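# Structural characterization, general
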Amino acid sequence: MGLLSTIFGILCGFLNSIFSLFAFGIGTSIGLVIGYYAFMNALPTDVEDVKVCPLVEEDLETLQRLIPEIPLWVKNPDFDRVDWLNKFIENMWPYLDRAICATAKNIAKPIIDEQTPQYKIQSVEFETFTLGTIPPTFQGMKVYTTDDKELIMEPSIKWAGNPNIIIAVTAYGLKATIQVLDLQVFGIPRITLKPLVGIFPCFASIFVSLMNKPHVDFGLKLLGVDLMAIPGLYRFVQELIKDQVANMYLWPQALEVQIMDPEQALKRPLGILDVTVVKAVKLQRKDLLGKSDPYVKLNLREEKVAFKKTTVKRSNLNPEWNEEFSFVIKDPATQVLELRVYDWDQVGTHEEMGLNVVPLKDLTPDEPKVLTLVLLKTLNPNDPQNDKPRGQLVIELVYKPFKEDEMLDDIDDSGMMEKAPEGTPAGGGLLVIIVHEAQDLEGKYHTNPHVRLLFKGEERKTKRIKKNRDPRWDEEFQFRLEEPPTNDRLHVEVYSTSSRIGLLHSKESLGHVSINLVDVVHNRRVNEKYQLIDSRNGRVQIELQWRT
């Protein structure tokens, strides 16, 4: 009997709790409805029209309210009026929107990738990233003059835009979307361009600092719910962002965006190095039939430019090339010309037959010099493998320094074009394909990329780079053609191959693109980044040259 009484008491208590919650929910809903209608009925119906009156000197209260809205170029003589800049940005905004969003994602991605592991977040992806249709406006700009090689600007920026930024966050197998919209930003950043150099765009880096805490206001939705409508959260988030941004970028701290390598940018081109690969003698036998298919690669050591390459001489241990190449020289005292001889193979990697280097400091300006280089296994003088004979390479060099009035400030080594080698058909030419790099590659199972080229039934491949989403190859491929490829296309495909033998997903496509070659025939040289098909953000940089 006591047990039944106990069970009955628990049941009654449970039902009482349920009814209490139900009554609270009904009471709250009814109260909100009544409050809403009471508020709407309490609003005045006889709203008077706005009176427009001229300002008078005695109306100090109105003047004080208007002072924050007056442009800085009116209140402060140090700030210049920049209406022309606002007009320019208004017309360019659709294109600036895409460029700024792409740059912002490139800057944010490595920071996000570095931070996500410690918070157990699996991935953070930008589903939508646009700054909207309303551009920012400049209320004025102050420019500083210094003795250093730099340009300092302080623009007053006001932006009440309509961006749409949707970020998808995946953690513990669950996916949530965060949306940022209705952004307002008022602030005065300090933008410093330095160092100023003589190579376009004429500065190496951009430094951005904030001179005071910015005003930031925005809407934030999580899973479609407006978080800013939660009482107290709006002001908390707003102040938190102001403090975080100020801690990172309040002057003298700055955000640096590097445009080019400052050390290389400050080095002006001083001359041209002309190299003639004459011949090689007594090369090693690499093929089964006692022959080799040699070619020579040339490049300036420790320079981030594509190497140059001779044609392949089939079945020849004493090949003759007599092919000419040119390099832009920026520091003849330290730069070194490197030459490597390879045996070309139809399948697999090309085997290196020997190498040697020529320090440019050993050359006398404007004086041709013929060198016979002994091919070595390595550049270590104490390596016993160098005692084995590997043949010799004969080259002719001449370094031509620029005169003072011929100094080139904006010459680019990649822009120099050689002529097609001897033996090229009169109506045809040499198609040169240089695979430079790729960006934002992403494989589902692995990312060990290499590039596969298909042209006129022939296939060429770059080397494979392991575990790299932004690989750089700088490999060159050549096709000797009887006629210009005006009606042909080049198929480029980026593949990833697994490093594990027997894995189920041994090969995976990371994207592809088909390039029409008519442009390179007309323009002689095309160097572009192509968006890969079947890839979310992947791009590949291909340089094409048509030499006749």
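Every value quoted in this text rests on a predicted model; they were computed, and no experiment measured them.

On to unusual backbone geometry, then. For the bond running from Lys-194 to Pro-195, omega is -15 degrees, close enough to zero to count as cis. Secondary-structure assignment places Pro-195 in strand β6 (residues 189-196). The backbone phi angle of Asp-182 is positive, close to 50 degrees, even though this residue is not glycine. Summarising the element assignment, Asp-182 is placed in strand β5 (residues 174-187). Residue Asp-366 is not a glycine yet carries a positive backbone phi of 65 degrees.

All right, on to the packing of aromatic side chains then. The full count for this structure, using the stated rule, is 4 aromatic pairs. Judged by centre distance (5.7 Å) and plane angle (15 degrees), the rings of Tyr-295 and Tyr-342 are stacked. Of this pair, Tyr-295 sits in strand β12 (residues 294-300) while Tyr-342 sits in strand β15 (residues 336-343); the two residues are 47 residues apart in sequence, bridging distant segments of the chain. Neither residue differs from the other here; Tyr-295 and Tyr-342 are each classed as buried. A centroid spacing of 5.1 Å and a plane angle of 70 degrees characterise the contact between Phe-455 and Phe-479, whose relative ring orientation is edge-to-face. Of this pair, Phe-455 sits in strand β20 (residues 449-455) while Phe-479 is found in strand β22 (residues 472-481), placing the two residues 24 residues apart along the sequence.

Relative to the helices and strands, Asn-86 is located in helix α4 (residues 83-115). Once residues lying within four places of it in the same chain are set aside, the contact partners of Asn-86 are Pro-136, Thr-137 and Phe-138.

Each value, and the rule that gives it
Residues numbered from 1 in each chain as written. Predicted model: local features only at pLDDT ≥ 70, side-chain atom pairs only at ≥ 80, totals over all residues. Heavy atoms only, no water. Helix = DSSP H or I, 4+ residues; strand = E, 2+ residues; numbered from the N terminus. Phe/Tyr/Trp six-rings, centres within 6.5 Å; stacked < 30°, edge-to-face > 60°. Buried < 20%, exposed > 50% of the residue type's maximum accessible area, 1.4 Å probe, protein only. Contact = heavy atoms within 4.5 Å.

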